[in-house]
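Overview (structure and organization)
Each chain, written out:
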Amino acid sequence: MSDVIDIFTTGGTIDKVYFDALSEFQIGPAAIPDMLRENNVHVAHRVTQLMRKDSLELGDADREAIRAAVAASDASRILVTHGTDTMVVTGRVLAGIAGKTIVMTGAMQPASVRASDAEFNVGFALAAVQTLPPGVYVAMNGMIFDPAKTVKDRAGARFVQEG
């Protein structure tokens, strides 16, 4: 297994940008390469953009493609940036991949917006992927969650553990 952290990007709010003054937010290029460089992150990593989709547009085939990329990676530590609306659904699909620590993160506000939680969440997820045992986790807003027991609280703009 490689010591490099594999970072797979899938789109979601974290990668949304305004293309012009008249448009809605659209998913642009992955924000994470610039974010890591600007924050002087030196942990060995490689970034692969798997797709550029809002998580509400992800289907079973997309989730299987994410799973296949994670399973095929020679890295034991995987970070997946993902839209928050269906992050836990994809997390459940990733369950059962042996020998890997898989951490999913995203943002409630685009990384391109000053008041975004993106940089904090990515930094938190990078720390989590280096310290947690093998398994699948959601790292959002300073908390670690098991995707099998987690839901997004839209009104509270946060994730909560069920039960």
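Residues numbered from 1 in each chain as written. Predicted model: local features only at pLDDT ≥ 70, side-chain atom pairs only at ≥ 80, totals over all residues. Heavy atoms only, no water.

1. Overview of the UniProt feature "active site" (unreviewed entry) in the protein
The following threshold applies: UniProt positions are given in the numbering used here, feature names are shortened, and annotations may be inferred rather than shown by experiment. Here the term buried applies to any residue with accessible area under 20% of the maximum for its type, exposed to any over 50%, and partly exposed to those in between, with areas from a 1.4 Å probe on protein chains only. The contact definition used throughout considers only heavy atoms, calling two residues in contact when any of these lie within 4.5 Å.
As annotated by UniProt and renumbered to match this structure, "active site" (unreviewed entry) occupies Thr13. Judged by relative accessible area, Thr13 falls into the buried class, the value being 18%. In contact with Thr13, not counting residues within four places along its chain, are Gly83, Ala107, Met108, Gln109, Pro110 and Ala111.

2. With respect to helix α2 (residues 60-72)
This is how the line gets drawn: Strands are runs of DSSP state E lasting at least two residues, helices are runs of H or I lasting at least four, and both sets are numbered from the N terminus onward. The length a helix should cover is 1.5 Å for every residue beyond the first. Taken from the helix axis, the directions to the C-beta atoms give the arc we talk about.
A rise of 1.5 Å per residue sets the reference length of α2, with its 13 residues, at 18 Å; its end C-alpha atoms lie 18 Å apart and thus fit the reference within 8%. Listed as buried for α2 are Asp62, Arg63, Ile66, Ala69 and Val70. For α2, the angular spread of buried residues about the axis comes to 120 degrees, placing them on one side. Turned more than 90 degrees away from the buried face of α2, the exposed residues are Asp60, Ala61 and Ala72.

3. Observations concerning the pattern of salt bridges
Proximity of charged atoms lets side chains of opposite charge pair with each other. Note the cut-off: Any carboxyl oxygen of Asp or Glu that lies within 4 Å of a side-chain nitrogen of Lys or Arg is treated as forming a salt bridge with it.
Taken as a whole, this structure holds seven salt bridges when the rule is applied. The salt bridge involving Arg37 is made with Asp34; its shortest N-O contact spans 2.6 Å. Highlighted residues: Arg37 and Asp34, both in helix α1 (residues 32-38), separated by three residues, approximately one helical turn. By relative accessible area, which is 55% here, Arg37 ends up exposed. With its nearest N and O atoms 2.7 Å apart, the salt bridge here joins Arg154 to Asp85. Taken as a pair, Arg154 in the loop between β9 (150-153) and β10 (158-161) and Asp85 in the loop between β5 (75-81) and α3 (87-94) lie far apart in primary sequence, 69 residues in all. Residue Arg154 is classed as exposed on the basis of its relative accessible area, which comes to 58%.

4. Let's talk about the sheet that holds strand β4 (residues 45-53)
Note the following rule: Strand pairing is assigned whenever DSSP identifies at least 2 bridges connecting the two strands. Note on geometry: axes are lines fitted to C-alpha atoms, helical ones only across the stretch in contact, with angles between N-to-C directions running from 0 to 180 degrees.
Spatial strand order, β4-β1-β5-β6-β7-β8: six strands in an open sheet with mixed pairing. The open sheet has two free edges, formed respectively by β4 and β8 (143-145), since each of these has just one partner strand. Adjacent strand axes in the sheet meet at a mean angle of 25 degrees, parallel and antiparallel pairs treated alike. Pairing between strand β1 (residues 2-11) and β4: six bridges, direction parallel. Each residue of the ladder has a partner; that of Thr9, found in β4, is Gln49. Of the strands in this sheet, β1, β4, β5 and β6 (101-105) are in contact with α2, which crosses β4 at around 170 degrees. Against the sheet, helix α4 (residues 118-131) engages β1, β5, β6, β7 (135-140) and β8, with an angle of about 170 degrees to β6.

5. Observations concerning the environment of Ala157
Tracing the backbone shows Ala157 in the loop between β9 and β10. With a relative accessible area of 42%, Ala157 lands in the partly exposed category. Counting along the chain gives 154 residues from Ala157 to Asp3, while the straight-line C-alpha distance between them is 34 Å.

6. Topic: the environment of Met104
By the element assignment, Met104 lies in strand β6. Using a relative accessible area of 0% as the deciding quantity, one classes Met104 as buried.

7. A closer look at the packing of aromatic side chains
This is how the line gets drawn: Planes of paired rings set the category: under 30 degrees apart is stacked, over 60 is edge-to-face and the rest tilted, where pairs are Phe, Tyr or Trp rings (Trp by its six-membered ring) whose centres lie within 6.5 Å.
Tallied over the full model, the rule gives two aromatic pairs. Between Phe120 and Phe124, the aromatic rings sit 6.1 Å apart at their centres with planes inclined by 10 degrees, giving stacked as the arrangement. Taken together, the positions of Phe120 and Phe124, both in helix α4 and four residues apart, correspond to about one turn of that helix. Relative accessible area serves as the criterion here: at 52%, Phe120 is assigned to the exposed category. Pairing Phe145 with Phe159 gives two aromatic rings, centres 6.3 Å apart and planes at 45 degrees, and the pair type is tilted. Of this pair, Phe145 sits in strand β8 while Phe159 sits in strand β10, and the two are 14 residues apart along the sequence. Looking at Phe159, the relative accessible area reads 2%, which means it is buried.

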